Structure formats: C-alpha cells, structure tokens
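# Chains, contacts and geometry: an overview
Below are the chains, spelled out letter by letter.
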Amino acid sequence: MSGVEIREIPGGVAALCARLRSAGWEAYPVGGCVRDLLLGRTPGDWDVTTSAMPEEVIALFDRTVPTGIRHGTVTVLTEDGGVEVTTFRAESGYADGRHPDAVTFGGDLTGDLTRRDFTINAMALGPDGAVIDPFGGQKDLQARLIRCVGEPGRRFREDALRMLRAVRFSAQLGFAVENATAEALRDNAELTACLSAERIRTELEKILLSQWPERGEGLFAWGLLAAFVGADAQPDLTTLHRVPARPLERWAALCALLLDEGSIRSAEEFLKDLRLDGRTVRACAAGAELVKTMPRGAAGWRHALAEHGADACTAAAAIGAAMMGGEYLRELAETLAEGSCLTVRELALSGAELAAMGYRGADIGAAQRRLLDHVLDHPEDNRPERLRELLN
C-alpha cells in the first residue's frame, strides 16, 4: 500500500488538482477516496484539500457551488461530477458537540489531516500518486482496524457523530474497532444525546444495510443508542443476513429483534422516535402484528396482501426470515409474481357490470367482497363467466 496508480484518479479530478497546482497552490485528493483506492474499491465521491482559499478556488474554475464556504468548502463541477474542494483548516471549540465554534484557514497538509476522525480517512495523494500517511492509516487498513487520529476521547467530544461513524465504517468495511477507540466509545456514549434523531437514523440505516451488519452490535454494547432502546439491548444482528439489504426488510427485522428481547415497547414508537418515514413506520408496525399469525402458502399470502398490503407483508416476511429462518420472503415473492387478483378493482367483473346484473348500492360491495374472498383462494376463477356463476 505504498502508492496509487495515477490512472486510477478520474480525469476530472486529476485536471482539477493540476489546475490548482499550476496556479501555485497545493492540492491533494484526500480522505475516503484514498482509503477506497487502497482497498481496491471504486470511490463513491472525491474530496480535495488545498492551500487555496475558497474565493481563489471559485476564481479558477468556471462551474462552482459554494456548498460550505463558511467552512472552506467549494464544490467544483467536473466531467466526473462534483468534487468538494476544501481549504487547509484548523478547528477549535465544539460547544454543541457536533460543529466547530471557529474555523481557521491556513496551515499545511499534515495539520489539516490532524483534525480528521480516523487514521484510514486521514490520508492524501501526492502529485505522483504517493500516499501521504502521517498517522498510520495504511497499517490500520492492513490490520483491518478503525482507530481514531490522536486521542479518541477528544475526537468524540469534538463531534459525537464520529462515534456512530466508527461503528458504521466497521460494518461497511468489516473492520474491528481498535481497543482504545472502543473504550472511548463506551466512556463517551452519553454524548450521542446531542445528536439529532435524523443523524442517528441515517447512520443506523447505513449500518443495517452494510455488508457486515453484525458489527452494529457495538451500538448497543457501547450504549450509543441509549436514548432509543433499553440498557440491556443485545440483539443478534447476524440474523440480518437472512433478509435482503433493503431498508424495509432490515428495519423490520431489527424491530423484531428488539421487541423479542423487550428492548423497545413497540416498532411504531421506536421508528417514530428515529424519525423514519411514515410508510416504513406503518409497514413495520403492521408486519410485527401480522407475523403473530404468519401467512403460509400462496393462498395465505394472497389473503394477507389483500388485507394488509405489500409493505406490511414484506415486513412480516422479513421478520419471519430473521427470527425463524423460514422461506417466507421466497413464498411472498412467488405469490406476488403470480400477478393474481388481490383487490376488488382487479376482479374480472366491474362494479358497473354488477350494476347491469341488477345489484344496487351496498349489495355491489358485498358481492365484490364475496367474489374477492373466493378468488384469493382460487385465482384461476377470476373470469367473467365464472364470477357470474358464483353469484347465481
């Protein structure tokens, strides 16, 4: 892990850095993009740190967006997408436990890297592709460790969100959390109280959807979710591997695990506290109830779909898969793939046709419900002539 091939850096990013350097400024790809390149992953986005002031960056490029100019960040629009360009800076004072009270521009690359969260995110690339790594990030990548830059407690007191990010990187990369960093997570867990529910939800969802969601057990072991779950919460997140890495399925499974051990009172309350969207809240709450009488077989799922809808059934199937390891998700998927009639609107006899047969008012609805109940058990009978026979 001694360097990166220049050809691995997108042309737009390379041209941006070259433009800054030709104007007399230092410029380095930095942070997560360097980490990902060293891991053989394609970076999701690119960040550049520079000695140029924000107004100087804006003057050099035709297409810029002042996305965080107060903190020295300008997004430069390149042929490879937006690149965040941030001036070398130092930070001081973190009264709210989340944002610096003061930002001072200037200094050098090493000073800029010093303020970053973890060693694996505190590396930069020189003009020749050499990795600039003053804190041992490459060594920690090889050892598969999440380690804070400098003193862990100080890093977390500066920004409490870093505690959740430590667990998230552990889950996304499959890395262990280094001992001193883990101890600081436990010692400073109460600082998460200053974080918004939305921020916590975002990090938790990334953990749930990660390749190694079981690493998220640290959230509970270190008390980072104390505002939302019981103190003794210890869900077995390895069971999340039984369900697809999609938000609804993973949230439903997590709720079931926490309900099963009595760590939350209800899925609805837990998810509302985390500010999840109403659709997910409703589906997980309904799924937690539906799973008590889990549908089985195609007919069972058709009846459940007709009564509760696809989201609730998906949540219930995910809960069943996570908690009992059954083939509920496969059964539900096969039932949905049939394309069978699940609502009165899909019946082969419309309300107008029933009216033409002499049905009036509430009798139309009653007839439709009777027909749907039959068709849910016998989907092959959803034909006009057969439905007419059933009504005679």
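Reading guide: rules and limits
- Residues numbered from 1 in each chain as written.
- Predicted model: local features only at pLDDT ≥ 70, side-chain atom pairs only at ≥ 80, totals over all residues.
- Heavy atoms only, no water.
- Axes fitted to C-alpha atoms, helices over the stretch in contact; angles between N-to-C directions.
- Helix = DSSP H or I, 4+ residues; strand = E, 2+ residues; numbered from the N terminus.
- Parallel < 35°, antiparallel > 145°, perpendicular 65-115°, else oblique.
- Contact = heavy atoms within 4.5 Å.
- Nonpolar A, V, L, I, M, F, W, Y, C, P; charged D, E, K, R; others polar.
- Expected span 1.5 Å × (residues − 1).
- Buried < 20%, exposed > 50% of the residue type's maximum accessible area, 1.4 Å probe, protein only.
- Arc of directions from axis to C-beta.
- Pairing = 2+ DSSP bridges.
- Left-handed = near helix turned anticlockwise from the far one by under 90°.

## What to know about the packing of helix 14 (residues 297-308) against helix 16 (residues 328-338)
Closest axis-to-axis distance for the helix 14/helix 16 pair is 9 Å, and the angle between their directions is 75°. Classified by the interaxial angle, the pair formed by helix 14 and helix 16 is roughly perpendicular. Facing helix 14, whose interface residues are Gly297, Ala298, Trp301, Arg302 and Leu305, helix 16 presents Tyr328, Glu331, Leu332, Thr335, Leu336 and Glu338. When its residues are assigned to classes, the contact of helix 14 with helix 16 shows six nonpolar, two polar and three charged.

## So, helix 14
Taking 1.5 Å per residue as the helical rise, helix 14 with its twelve residues ought to reach 16 Å, and the 16 Å between its terminal C-alpha atoms agrees with that figure. What helix 14 keeps buried is the set Trp301, Arg302, Ala304 and Leu305. Projected down its long axis, helix 14 carries its buried residues within an arc of 165°, all on one side. The inward-facing, buried residues of helix 14 abut helix 13 (278-290), helix 15 (310-324), helix 16 and helix 18 (362-377). A positive backbone phi angle near 95° is found at Gly309, which sits one or two residues after helix 14.

## A look at the pairing of strand 3 (residues 64-68)
Sheet topology note: the strand 3/strand 4 (residues 73-78) ladder contains three bridges and is antiparallel. By the bridge assignment, Val65 is partnered in strand 4 with Thr75. Where strand 3 hands over to strand 4, the hairpin turn is made up of four residues, of which Gly72 adopts a positive phi near 90°.

## A look at the packing of helix 11 (residues 247-260) against helix 13
Running from amino to carboxyl end, helix 11 crosses helix 13 at an angle of 50°, the nearest separation of the two axes being 10 Å. The orientation of helix 11 relative to helix 13 falls into the category oblique. Where helix 11 crosses over helix 13, the handedness of that crossing is right-handed. Where helix 11 abuts helix 13, its residues Leu248, Trp251, Ala252 and Leu259 lie against Thr280, Ala283, Cys284 and Ala288. The residue inventory of the contact of helix 11 with helix 13, partitioned by class, reads seven nonpolar, one polar and no charged.

## Here we look at the sheet that holds strand 4
Taken in spatial order, the five strands of this open sheet run 1-2-5-4-3, and their pairing is mixed. On the outer flanks of this sheet lie strand 1 (27-29) and strand 3, each paired with one strand and no other. Each strand of the sheet is rotated relative to its neighbour by a mean of 30°, with strand direction disregarded. Bridge count between strand 2 (residues 47-50) and strand 5 (residues 81-87): four bridges; the pairing is parallel.

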